[in-house]
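# Observations on chain architecture
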Amino acid sequence: MKTRIALACLLSIVSATTLAQEQVLNIYSARHYPTDEALYANFTKATGIKLNRVDADDAGILARLKAEGAASPADIILLVDASRLWRGETDGLFQPIKSKLLDDAIPAQYRGKANANGETPWYGFSTRARVIVYDKLKVKKEDVDTYEELGDPKNTGKLCIRSGSHPYNLSLFGSVTEHMGEAAAEQWLKGMVANMARAPKGGDTDQIKAVASGECGIAVSNSYYLARLMRSTKPEDQTVIERVGVVFPNQSTWGTHVNIAGGAVAKNAKNPANAIKFLEYLASASAQDHFANGNNEWPVAKGVKINNPALQAMTGGSFKSETIPISVVGMNQVKVQQMLDRVGFK
Ligand code: FE
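Keep in mind that what you see is a predicted model, and the values were worked out from it rather than measured.

Take D75: it is sitting in the loop between α3 (58–68) and β3 (76–79). Although buried, D75 forms no salt bridge, and the nearest oppositely charged side chain, K270, lies 6.6 Å from it. Of the polar contacts made by the side chain of D75, one reaches the backbone nitrogen of N271; its length is 3.1 Å. Those residues in contact with D75, other than ones at most four positions away along the chain, are V24, L25, N26, A264, V265, A266, A269, K270, N271 and A275.

Shown next as structure tokens:
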């Protein structure tokens, strides 16, 4: 009997200790890449901190944070669009971060603007380019080497693109609006609607496949979707890749539109110190290598080398990317949505 009580006592002490030691971070993530599982697993392995993940799209995450308010269990927010990061910041959903490690690792152009205390609202951890994909059999590269040409009448009936309201496109259009001016950008969007081979549907990979099948001549896609097909060993993916060409647009003018995936600490995070630890992990060489080799993005941390044959093949080594501030792209979003409504871009 005595032994039993002693054992029960011991067990309850053990479980109390385990509970006290079990550290958990709640992540709201818009990253939708199966290869990321290794990224999360490596963090838990290294730190013992467990990760609970809620997956949703950028808009869904921001809406959920707003609805939950102070009761939100979220510690970390991962978003895949710069203007949504900017939106989260301006809506006061993030907690300013002070981390010398992050400030040293991440160049200023890839993070939110620091406040008077030198605290930063969010950090970008990887970049992706919004590229043009074309049918090598039917379309000449020089007819699609700028974003402007997507709306040019010479490309009538050829364009396939996902919904205009998707963050990837809202950010691209917000950037183009900044470069062209509002009136010209609206004409450009109107031209794109006139050039569509079909009404917008599906994701970026669907557009690439529709080019390969001959349904469209031109598509717009994030670079990593194309790289994923390039690295695939499936014969049907290889057939797609043989048929399509890729252009990094506007190399002789303002540069290719580049978007950011990044992270922030939630306003009401219960574990801010561990949350920062996780973000610092994302800036580490091994996590940055994962972004480049696992998900075919470009790492942003200084001094990290890329060793990804698909990215190398796609760019020929390097490309010129645009340099306008992310906040501007974010601020243009409302304007862009109104223009899309006016020109009937679904
Ligand atoms: Fe994506």
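Turning our attention to empty space enclosed by the protein. Using the criterion set out here, one finds one cavity of 30 Å³ or more in the structure. Empty space within the largest cavity amounts to approximately 40 Å³. Every residue along the wall of the largest cavity is listed here: R31, L78, L79, F125, A261, G262, L282 and F291. Each residue belonging to the lining of the largest cavity can be placed in one class, and the counts come to six nonpolar, one polar and one charged.

We now examine the domain arrangement of the protein chain. Its domain assignment divides the protein chain into domain 1 (23–126 + 259–315) and domain 2 (130–257 + 320–343). The interface of domain 1 with domain 2 comprises 24 residues on the first partner and 22 residues on the second. Broken down residue by residue, the surface that domain 1 buries against domain 2 is led by W86, N296 and M314, which jointly contribute 32%. Between the two partners, domain 1 and domain 2, sit zero salt bridges. Looking at the side of domain 1 that touches domain 2 residue by residue, the classes come out as twelve nonpolar, nine polar and three charged.

Its twelve residues place the ends of helix α2 (residues 36–47) 17 Å apart at the C-alpha level, agreeing with the 16 Å of an ideal helix rising 1.5 Å per residue. All buried positions along α2 are accounted for by D36, L39, Y40 and F43. Buried positions in α2, seen along its axis, are confined to an arc of 90° and lie on one side of it. Lining the buried residues of α2 we find β1 (24–29), β2 (50–55), β3, α11 (272–282) and α12 (285–293). With its phi angle positive at about 80°, G48 sits one or two positions after the end of α2.

What follows concerns the coordination of the iron ion. Protein-derived ligands of the iron ion are H32 (NE2), Y168 (OH), Y224 (OH) and Y225 (OH), with the metal-ligand distances lying across 1.9 to 2.3 Å. Here the iron ion binds four donor atoms, and the angle range of 87 to 139° at the metal identifies the geometry as irregular. Sequence positions of the donors to the iron ion reduce to the motif H-x135-Y-x55-Y-Y. Taken as a pair, H32 in the loop between β1 and α2 and Y224 in helix α9 (residues 223–231) lie far apart in primary sequence, 192 residues in all. We classify Y224 as buried; its relative accessible area is 0%.

Criteria and cut-off values
- Residues numbered from 1 in each chain as written.
- Predicted model: local features only at pLDDT ≥ 70, side-chain atom pairs only at ≥ 80, totals over all residues.
- Heavy atoms only, no water.
- Helix = DSSP H or I, 4+ residues; strand = E, 2+ residues; numbered from the N terminus.
- Buried < 20%, exposed > 50% of the residue type's maximum accessible area, 1.4 Å probe, protein only.
- Lys, Arg positive; Asp, Glu negative; His and termini not counted.
- Salt bridge = Lys/Arg side-chain N within 4 Å of Asp/Glu carboxyl O.
- Polar contact = N/O pair within 3.5 Å; in protein donor to acceptor, adjacent residues only side chain to side chain.
- Contact = heavy atoms within 4.5 Å.
- 1 Å grid on protein atoms, 1.4 Å probe; cavity = no way out; pocket = protein on both sides within 12 Å on 5 of 7 lines; lining within 4 Å.
- Points joined across faces, edges and corners; volume = space filled by probe spheres on them.
- Nonpolar A, V, L, I, M, F, W, Y, C, P; charged D, E, K, R; others polar.
- Domains from an automatic or database assignment.
- Buried area = accessible area lost by both parts, 1.4 Å probe.
- Expected span 1.5 Å × (residues − 1).
- Arc of directions from axis to C-beta.
- Donors = N, O, S within 2.8 Å, 3.2 Å for Na, K, Ca; no water.
- Tetrahedral: all angles 85-135°; square planar, octahedral: opposite > 155°, others 65-115°.

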